[in-house]
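This is what each chain is made of:
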Amino acid sequence: TDEPLVKPPDTVQIGTYIISIHDINFQDKEYTMRFWLWAIFDNPSFDFGKQIDIPNAKSIDEPHVIVDVVNGKTWQLMKMRATMKQDWKVGNYPFDKQHLVVHIENTIFDKTRLVFKADDFGSTYDRELTLSGWRIANFEVKVKDREYITVFGDPASDLMHSEYSSFDIIIDIERNGWGLFCK
């Protein structure tokens, strides 16, 4: 056939280790999370230390980045700190449950060039992580496509949308409400 060959996107294995969740603030609708994030990939154009975005964060501190090459692949390890936006659901206080999600994307490469593959086995949280008054009820990581109804001004595109691979960290927390209830 005379059809042009379309190069498949590069696959990036990505994972996380949650260090802490703190400064839970219902009034300002936020919390802070510290975590390690790693990416293993072949493409030398990828630089997650400079290209990482967390679209649902209020602020992201510049990551501390370690880069190495293991078995011919680039391994980039980043220590992250982000203040996250959160709409708290407090209707069932003091027995409320909160669903925390952190969306992580590469700012430069859309899903035609980069797709994430979650490191399900390696991703976890510090078992000694303490959330005063809360317990972690669920932790998981997922990969999905996130669509934007823009091409961000790309003059080479005549599309009205773009899609990026998203690595999502999902944590459900439950308040230890019996102590508050009994008081």
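Refer to the structure printed above.
Residues numbered from 1 in each chain as written. Predicted model: local features only at pLDDT ≥ 70, side-chain atom pairs only at ≥ 80, totals over all residues. Heavy atoms only, no water.

### Re the overall build of the protein
Of regular secondary structure, the protein possesses two helices and eleven strands. Along the protein, helices and strands appear, N-terminal first, in the series β-β-α-β-β-β-β-β-β-β-β-β-α. The buried share among the 183 residues of the protein stands at 41%. Of the contacts formed within the protein by residues at least 6 apart in sequence, a portion of 71% connects residues at least 24 apart. (Helix = DSSP H or I, 4+ residues; strand = E, 2+ residues; numbered from the N terminus. Buried < 20%, exposed > 50% of the residue type's maximum accessible area, 1.4 Å probe, protein only. Contact = heavy atoms within 4.5 Å.)

### With respect to a nonpolar patch on the surface
A contiguous nonpolar surface patch, about 270 Å² in accessible area, is contributed by F26, V90 and Y93. Among the structural elements, Y93 can be located in the loop between β6 (73–85) and β7 (97–106). (Patch = residues over 30% accessible without salt bridge, like charges linked within 9 Å, V, L, I, M, F, W, Y side chains within 5 Å. Areas by Shrake-Rupley, 256 points an atom, 1.4 Å probe, with all protein chains shown as cover. Salt bridge = Lys/Arg side-chain N within 4 Å of Asp/Glu carboxyl O.)

### Observations concerning the packing of aromatic side chains
All chains considered together, the criterion is met by ten aromatic pairs. Members of the aromatic cluster, connected to one another through ring pairs, are F41, F46, F48, F109 and F116. A cation over a ring is seen here: R127 above Y125, with NZ or CZ 4.2 Å from the ring centre. (Phe/Tyr/Trp six-rings, centres within 6.5 Å; stacked < 30°, edge-to-face > 60°. Lys NZ or Arg CZ within 6 Å of the ring centre and 35° of its normal.)

### Brief notes about the pairing of β6
Where strand β2 (residues 30–41) and β6 come together, twelve bridges link them in antiparallel fashion. When the bridges of β6 are listed, W38 appears paired with L77. In this sheet, β6 lies alongside strand β4 (residues 57–60) in antiparallel orientation, the contact comprising three bridges. Each bridged residue has a counterpart across the sheet, and for A57 the counterpart in β6 is M84. Across seven bridges, strand β5 (residues 64–70) lies against β6 in antiparallel orientation. Following the sheet pairing, I66 is matched in β6 by L77. In this antiparallel pair of consecutive strands, β5 and β6, the connection spans two residues, and N71 shows a positive phi of 50°. (Pairing = 2+ DSSP bridges.)

### Remarks on the sheet that holds strand β11 (residues 162–175)
Taken together, the four strands give an open sheet; going across it, the order is β3-β7-β11-β10, and neighbouring strands pair in antiparallel fashion. With one partner strand each, in any of the chains shown, β3 (52–53) and β10 (134–148) form the two edges of the open sheet. Here β3 pairs with β7 via two bridges, running antiparallel. Directly across from I52, in β7, lies its bridge partner N106.

### What to know about the nonpolar core
In this structure, I18, F48, I104, I169 and I171 are the most contacted members of the largest nonpolar core, which totals 38 residues. Looking at this core, the elements that each hand over two or more residues are β1 (10–25), β2, β6, β7, β8 (114–118), β10 and β11. No other element matches β2, which puts six residues into this core. Once residues within four sequence positions are removed from consideration, F48 is found in contact with V12, A39, F41, Q76, M78, N106, L114 and F116. (Core = buried A, V, L, I, M, F, W, Y, C linked by side-chain atoms within 4.5 Å.)

### Topic: unusual backbone geometry
In this structure, D23 is a non-glycine residue whose phi angle is positive, near 50°. Position of D23 relative to the elements: it lies in strand β1. Positive phi outside glycine occurs at K29, with the angle close to 55°. By secondary structure assignment, the location of K29 is in the loop between β1 and β2. Overall, K29 belongs to the partly exposed group, its relative accessible area being 43%.

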